[in-house]
Every structure is written in structure tokens, then in C-alpha cells.
Amino acid sequence: MRKFLTKVALLLACTTVSLLAQQTPQESALRAKAQKLAQQFVIVDTHIDVPFRMKMKWEDISERTPNGNFDYVRAKQGGLNAPFMSIYIPPAYEQSGGAKQLADTLIDMVGNIATNWPKKFVIATSVNDVTNQFKRGVISLCMGMENGSPIEHDLKNVQYFYDRGIRYITLAHGKTNHISDSSYDTTHVWKGLSFFGRRLVVEMNRVGIMVDVSHVSDEAFYEVMNVTQAPVIASHSSCRFFTPGFERNMSDDMIKILAGKGGVIQINFGSSFLRSDYQKREDEQGKQISAYMKSKNLKFRDTEAQTYIAAYRKDHPITYADVTDVADHFDHVVKLVGVDYVGIGSDFDGVGDSLPTGLKDVSMYPNLIYELLKRGYSEKDIQKICGGNLLRAWSQVERRAKETKSGEAN
Ligand SMILES: [Zn+2]
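All of these numbers come straight from a predicted model, not from anything done at the bench.

**Some details on the overall build of the protein chain**
Of the regular secondary structure elements, the protein chain holds 17 helices and nine strands. A compact globule built from 410 residues would reach a C-alpha radius of gyration of about 22 Å, and the protein chain, at 21 Å, matches this within 12%. Its C-alpha atoms give the protein chain principal-axis dimensions of roughly 70 × 55 × 45 Å. Burial status across the protein chain gives 53% buried among its 410 residues. Counting only contacts in the protein chain whose residues sit at least 6 apart along the sequence, the fraction spanning at least 24 positions is 71%. Surface exposure of the protein chain reaches about 18700 Å², of which carbon and sulfur atoms provide 55%.

**Digging into the packing of aromatic side chains**
Taken as a whole and judged by the stated rule, the model has 17 aromatic pairs. Here Phe52 and Tyr88 contribute two aromatic rings whose centre-to-centre distance is 5.1 Å and whose plane-to-plane angle is 75°, an arrangement assigned as edge-to-face. Taken as a pair, Phe52 in helix α3 (residues 50-56) and Tyr88 in strand β2 (residues 80-88) lie far apart in primary sequence, 36 residues in all. Ring centres 6.0 Å apart and planes at 40° place the aromatic pair Tyr278 and Tyr320 in the tilted group. Here the residue Tyr278 occupies a position in helix α13 (residues 276-295), and Tyr320 occupies one in the loop between α14 (303-315) and α15 (323-337), the gap between them amounting to 42 residues. Each member of the aromatic cluster is reached from another via a ring pair, and the members are Trp58, Phe70, Tyr72, Trp117 and Phe121. Against the face of Tyr162 rests Arg167, its NZ or CZ located 3.6 Å from the ring centre. The aromatic ring of Tyr162 is capped on one face by Lys405, whose charged end is 5.3 Å from the ring centroid.

**Here we look at the coordination of the zinc ion**
With distances of 2.0 to 2.3 Å, the protein atoms coordinating the zinc ion are Glu146 (OE), His215 (NE2) and His236 (NE2). Relative accessible area serves as the criterion here: at 5%, His215 is assigned to the buried category.

**Some thoughts on helix α9 (residues 195-207)**
Between its terminal C-alpha atoms α9 stretches 19 Å, which fits the 18 Å expected from 13 residues at 1.5 Å a residue. Of the residues making up α9, those classed as buried are Phe196, Gly197, Leu200, Val201, Glu203, Met204, Asn205 and Val207. At the exit of α9 stands Gly208, carrying a positive phi of roughly 105°.

Here is what the cut-offs are and how they apply
- Residues numbered from 1 in each chain as written.
- Predicted model: local features only at pLDDT ≥ 70, side-chain atom pairs only at ≥ 80, totals over all residues.
- Heavy atoms only, no water.
- Helix = DSSP H or I, 4+ residues; strand = E, 2+ residues; numbered from the N terminus.
- Rg over C-alpha atoms; globule rule 2.2 N^0.38 Å.
- Buried < 20%, exposed > 50% of the residue type's maximum accessible area, 1.4 Å probe, protein only.
- Contact = heavy atoms within 4.5 Å.
- Areas by Shrake-Rupley, 256 points an atom, 1.4 Å probe, with all protein chains shown as cover.
- Phe/Tyr/Trp six-rings, centres within 6.5 Å; stacked < 30°, edge-to-face > 60°.
- Lys NZ or Arg CZ within 6 Å of the ring centre and 35° of its normal.
- Donors = N, O, S within 2.8 Å, 3.2 Å for Na, K, Ca; no water.
- Expected span 1.5 Å × (residues − 1).

The following block contains the structure:
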């Protein structure tokens, strides 16, 4: 075993050496600069699915884990400072009940990460927390709730989840809920937001929780933008320009309106969010696989199904997007509205294998920075993209809430 590992290590070392050998001195210098900037700038990533991953299979993320896209070691290597832990509630909870309870369980789990490894992780609930904890060298765990189902028809739960540390809420996930229609759901029950959903946006502005428009339908997005008095974020969405017809990404018009109110689009790294040719091939494969499973009466979790899927994928490999595709999405937003309204919302631990070459986990942000440097982005612009823009929007939301509350007190 050891012999085998040594061989693998040697092979990797050789590959690295040969890659470096191919690099011009300018490229090597730029790569070194990208590494340096990744450590120098605050990197915020607004969507990482660690809590649900840990719920499915617990791992000690304070050390290098064999699986997943996130752990302390790789986060430090990549210069990640403030990951938003996604408190993800599957859409089925809207009907079955128990959404609030699940949210509490996942929030407790994030709290435990900070309690168990206090020298490595600390909870952050404000922009100040993030900047102060960056100086101390610890990783700030922020929290965003993916799916508003845990609000459970009660506006008081906005303050409740604020007090528990939640700083953004994605109004809906894959299905329409009591708040909003979803981009993946064709029923369009509310033709946008429900009456309660509109009141919820106002309450989130008042309390100081960012409204997240990723996953909602276009109609819901436009309604949010009419109602909100504070900047809004798309925590993990990319540009529809590259994936025509994919409502889960944002159209040019939507990006302009979002930016017009000071909001930020945080680019999702999943290959299907970046390239429509990948999406198309993945859909075709999905159809083939489900037709086979149906013919054999198999369920997804059955061993026979898993063996078939693994063999099928091996025989029909799809080329993933790469880091240059991700940079294209940044370029597109910058061209549309300028450099102040775009950031990182990778969806690490949420999009499986479909991550782009060169951005497979949290150690690889420097590759993105390198690509941006290569395209002529200034250090100041890269700082904004890495986290400055998101922190600016978040502080506007904080300020707005503070002003509203002091107005109420007078
Ligand atoms: Zn999502």
C-alpha cells in the first residue's frame, strides 16, 4: 500500500513539475501573485453545502477529509475566509412539516463545528465579525438558509432565525413554497411571491437578513425587486446568457436590476450553470439512465442501479467546464454592470462531480484569481470580486435594518 502511495506521490510530483516546466516565467510569476492575493484578500463564498453533507455522513472537517469539496486544510490553502454554510431544507418539508426543526438541527451542527475546533472556526454574524476574524486568521462560518420553508407562515420566525445567526434566506428551493414560486417548478402558483412572501421581504429588510433570489422564478425576482428597500443577493446563480432558457440562472435584464439596487450576483461553479452544452449532454444521459432504471424497476439507491450508473458514466464521459468558463461569467457581469456587483457562490459540496477543472474544491480559488489577473483585472477589482462586493451589500442591509429600528424607537 505504502509503495503504491509513494508511486502515486511521485507521479503527482512529476505531473506538477512538468506542468510548471511548461509555464513561462511570466505565468509562474502571475500564479505566485494569485496565491499571494488569495491569502491577502478576504474571500467570501456565499454557498457551501457542508451542513447537509455532514448530515448525510459526518466527517472531521478540521482535518483534510478524503471526500467533499471543503475542509479546514483546503480552505486555508485556498485563502477562503468566510464560507456561508448552507442551511438547506429539502422542498418536501414544506408539505411534511418539520422544516423549522431541521433548520435548527443544521444550525446547531454549524455551532458545533465552531465549538469543537475554536482555533480554526468561529461563527460570524456581521461584516465586522468577518473582518475582525480575518485578522485573527480563523475561518468565519456565516450562515444562509436555503429555502424559506422554516419560516412556517410566521413573520416572528425572521427575528428568531436572525437571532440564531442566519444572514440570508433563499426564498424558495426546487418547488414553490408558501413564500415564492421556484424556477424549477412549472406550477407558478403565486405568479411570483405570495402575499405572505411580500410581507416577508419587508420583514427581512427590517430585521437585517439578506434576501436571496437564487432558485426563485423570474416573476418572483421582479416582485422582490419592487418590494425590497435594501440590496438583494443571488447567493449561487450564474449568467443565463451562457445557458439560454435556464431560469435558474439570471438574465441580463435581471442582473441590471439587481445591480441597480446595489445587489450582488454570486457565480455558481457547477458545470451545468456555466455551459449549456454540458447541461444538454447531462440531460441526455439522465434520460438514458432513468429509462434503464424504469425498465428494470430499479430505485436510485439500489446497488444494481449504482453499478449501472457508474459504468454508464465511465463509458460516456462528459467534459466539465473549466476555470476559464467561470471567468467568462465574471467578465459578462462586469461588462453589463461593472465590477461592483459580482462575487463567488461556488455551491461546493452541492453540485457533486460537475465542478469545473481547476475549481474542484476550496483550495483552488487562486486558479480563478490567476485567470482574472491574466485577463487584466486590477488587484482592487479582484478584491471586490473575492468578497468586497458581498461585504458592501451585506453592510448596506445591516445599516438599513439599524436605521429602520432606530426610526421605530423614536
Ligand atoms: Zn441551491
